[in-house]
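# Geometric and topological summary
Given next are the chains, with one letter for each unit.
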Amino acid sequence: MAIERTLSIIKPNAVAKDAIGAILGRFEAAGLKIVAARMLHMSREQASAFYAIHQGKPFFDELVDFMISGPVMVQVLEGEDAVAKNREIMGATNPAQAAPGTIRADFADSFTENAAHGSDSPENAAVEIAFFFPEGVCPRTR
Ligand code: RTP
Ligand code: MG
């Protein structure tokens, strides 16, 4: 299996309930290394650009309003099969369908406020990582 990087976001509802540490701990426990991290409160322009692929969909405005409702924690996770592994740890997009013990099962408040984002392919991960970390990501040395 290949070593991949993926972009992860702890969304505003999970930051608000002080779940940053618990969620980052799940990534580390699963063998995903945190190789970059930053906290920011996105502007409407930033959130709209990040979710440009969803522009025009019925949930777009609600999604952007939510993502700018408070700060988010953004991190790059590195490890074997990181894209799929992160999505497995997050659980299904609709928290009602998320498996027990997943981030969304434990920290989501609704379909929109579903606690976490994870890139859906290595190609999109590269684009999303560059979006939040244009200066690049330094490799872990230990
Ligand atoms: P994400 O991008 O956040 O990791 O989630 P995902 O791939 O599992 O889901 P995606 O289809 O990319 O949707 C992005 C986010 O939009 C919100 N959403 N709401 N109410 C709805 O029908 C609906 N559908 C999507 C969720 O916050 C979802 O994570
Ligand atoms: Mg997605």
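This one's a predicted model, so the numbers in the text were calculated from it and none came from an experiment.

Cut-off values and rules
- Residues numbered from 1 in each chain as written.
- Chains lettered and ligands numbered in written order.
- Predicted model: local features only at pLDDT ≥ 70, side-chain atom pairs only at ≥ 80, totals over all residues.
- Heavy atoms only, no water.
- Helix = DSSP H or I, 4+ residues; strand = E, 2+ residues; numbered from the N terminus.
- Rg over C-alpha atoms; globule rule 2.2 N^0.38 Å.
- Buried < 20%, exposed > 50% of the residue type's maximum accessible area, 1.4 Å probe, protein only.
- Contact = heavy atoms within 4.5 Å.
- Areas by Shrake-Rupley, 256 points an atom, 1.4 Å probe, with all protein chains shown as cover.
- UniProt positions renumbered as here; feature names shortened; annotations may be inferred.
- Phe/Tyr/Trp six-rings, centres within 6.5 Å; stacked < 30°, edge-to-face > 60°.
- pLDDT = per-residue confidence, 0-100.
- Polar contact = N/O pair within 3.5 Å; in protein donor to acceptor, adjacent residues only side chain to side chain.

Okay, the overall build of the protein chain next. When its secondary structure is counted, the protein chain shows seven helices and four strands. Starting at the N terminus, the α and β elements of the protein chain follow one another as β-α-α-β-α-α-β-α-α-β-α. Relative to a compact globule of 142 residues, whose C-alpha radius of gyration would be 14 Å, the protein chain shows 14 Å and is just as compact. Taken along the three principal axes of its C-alpha coordinates, the protein chain extends 40 × 35 × 25 Å. The proportion of buried residues among the 142 residues of the protein chain is 49%. A fraction of 77% describes how many contacts in the protein chain between residues 6 or more apart in sequence connect residues 24 or more apart. Accessible area for the protein chain stands at about 7,200 Å²; split by element, carbon and sulfur atoms hold 54% of it.

Annotation from UniProt places "active site" (unreviewed entry) at H117. Looking at where H117 falls in the secondary structure, it is placed in strand β4 (residues 116–118). According to the relative accessible area criterion, H117 is buried, its value standing at 10%. In this view, H117 contacts L7, S8, I9, K11, F50, Y51, N86, M90, R104 and E128; residues no more than four positions away in its chain are not counted.

All right, on to the packing of aromatic side chains then. Under the counting rule described, the total for this entry stands at four aromatic pairs. Judged by centre distance (5.0 Å) and plane angle (80 degrees), the ring pair of F50 and Y51 falls under edge-to-face. Residue F50 is classed as buried on the basis of its relative accessible area of 10%. Relative to F132, the ring of F131 has its centre 4.9 Å away and its plane inclined at 75 degrees; by these criteria the two rings are edge-to-face. Judged by relative accessible area, F132 falls into the buried class, the value being 1%. Here a set of aromatic residues connected by ring pairs shows up, and it is made of F50, Y51, F131 and F132.

For the rest of this paragraph, the subject is the confidence of the model for the protein chain. The predicted model of the protein chain has a mean per-residue pLDDT of 97, with 100% of residues at 70 or higher. Across the assembled chains, the prediction reports ipTM 0.93 with pTM 0.97.

Another point: the UniProt feature "binding site: ATP" (unreviewed entry) in the protein chain. In the numbering used here, UniProt assigns the "binding site: ATP" (unreviewed entry) feature to K11, F59, R87, T93, R104 and N114. Residue position: R104 is located in helix α6 (residues 103–107). Not counting residues within four places of it along the chain, the set of residues in contact with R104 comprises K11, M90, G91, A92, T93, P95, A98, N114, A116 and H117. At a separation of 3.1 Å, a polar atom in the side chain of R104 contacts the main-chain carbonyl oxygen of G91. Here N114 shows up in the loop between α6 and β4. With a relative accessible area of 2%, N114 lands in the buried category. Sequence-distant contacts of N114, defined by excluding residues within four places in its chain, comprise K11, N13, F66, T93, P95, R104 and A108.

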